[in-house]
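The chain contents come next:
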Amino acid sequence: MGAFQDLGCRTTHCNSEVLQRCTLVFLATKPHLLPGVLQEIAPAVTRDHIIVSVAAGVTLQTLQQLLPAGTKVLRVMPNLPCVVQEGAVVVARGSCAGEQEAALLRSLLSACGLCEETPESYLDIHTGLSGSGVAYVYLFAEALADGAVKMGMPSALANKIAAQTLLGAAKMILETGEHPAKLRSNVCTPGGTTIHALHELEKGALRATVMNAVEAATMRARELGER
Ligand SMILES: NC(=O)C1=CN([C@@H]2O[C@H](COP(=O)(O)OP(=O)(O)OC[C@H]3O[C@@H](n4cnc5c(N)ncnc54)[C@H](O)[C@@H]3O)[C@@H](O)[C@H]2O)C=CC1
Ligand SMILES: O=C(O)[C@@H]1CCC=N1
């Protein structure tokens, strides 16, 4: 609480008080709680407010329906690495939010990492790719390190090297602009270690499994949005 106050932030347990004091308001409850919060704040919402929801799956249409006509509404889909300024965030705007509001959000959220404005239809896909995707990468990092532990490396060192491997590989995709398939092929010495390992991953259908995971999370985000 002290840290918030040092930054000049104030806290309250009263949602409508937030609306009275702020024009830009982020809604970050769990998705199933959001309709109740929208009903609670709707009487205090004016056309000066910019209402931003981070709730997975809750559509702009639902947000607009539960708020007064003409409210400027946007949705953002962040991911966990925003806390280390390496997030991937997408923003979609409702029919009453303009370029000015979208630009404001892009400028604020680019402090959290990559921030792109997209059509709303991409938000659930982004959830499957990146919002939830961070968890798939942690699972992969854990598995990489466990493989090294199995072969005799101490766990702390294996975890550190697994994380640096992901970081370096990701940085190369972004900095070279090369397709991941090209970079992967560059690592494969004919008859060498990597192609033997990749064959094992293909036997485990890694790519199909990961594609299925992105599809499952996207479908679940869509399902949450239909409730
Ligand atoms: N965890 C993640 O990586 C991501 C989460 N999201 C979305 O962010 C939202 C929040 O998720 P988490 O941070 O994981 O949940 P959380 O449970 O950690 O945070 C929810 C917060 O809402 C507060 N809250 C509950 N009822 C409230 C009410 N009636 N009025 C005001 N505040 C209330 C809680 O005190 C809590 O601080 C969800 O809608 C989720 O879909 C989106 C992208 C990524
Ligand atoms: O698991 C979830 O539903 C949330 C949305 C994206 C990441 N966490």
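Everything below is about the structure shown above.
Note that the structure is predicted; figures quoted are calculated from it, not measured.

Peer 1: Now, about the site of ligand 2: what can you tell me, with residues and values included?
Peer 2: With respect to spatial proximity, the complete set of residues near ligand 2 consists of Ala56, Thr127, Gly131 and Ser132. Each residue belonging to the shell around ligand 2 can be placed in one class, and the counts come to one nonpolar, three polar and no charged.

Peer 1: Before we move on, could you go through the environment of Leu74 and cite the residues and values that matter?
Peer 2: In this fold, Leu74 is placed in strand E3 (residues 72-77). Overall, the presence of 24 C-beta atoms within 10 Å leaves Leu74 in the buried class. Measuring from C-alpha to C-alpha, the distance between Leu74 and Val210 comes to 30 Å, with 136 residues separating the pair along the chain. Those residues in contact with Leu74 that sit more than four places away from it in its chain are Val52, Val91, Ala92, Arg93, Gly94, Ala97, Glu101, Ala102 and Leu105.

Peer 1: If you had to explain the sheet that holds E3 to someone new, which residues and values would you point to?
Peer 2: Sheet architecture is open: five strands sit in the order E1-E2-E3-E4-E5, paired in mixed fashion. Lying at the two open borders of the sheet, with one neighbouring strand each, are strand E1 (24-27) and strand E5 (113-117). For this sheet the average axis-to-axis angle between neighbouring strands, irrespective of direction, equals 25°. Examined bridge by bridge, E3 and strand E4 (residues 87-93) share four bridges and lie antiparallel to one another. By the bridge assignment, Val76 is partnered in E4 with Val91.

Conventions we followed
Residues numbered from 1 in each chain as written. Chains lettered and ligands numbered in written order. Predicted model: local features only at pLDDT ≥ 70, side-chain atom pairs only at ≥ 80, totals over all residues. Near = placed C-beta within 6 Å. Nonpolar A, V, L, I, M, F, W, Y, C, P; charged D, E, K, R; others polar. Helix = DSSP H or I, 4+ residues; strand = E, 2+ residues; numbered from the N terminus. Buried ≥ 20, exposed ≤ 12 C-beta atoms within 10 Å, placed from the backbone. Contact = placed C-beta atoms within 7 Å. Pairing = 2+ DSSP bridges. Axes fitted to C-alpha atoms, helices over the stretch in contact; angles between N-to-C directions.

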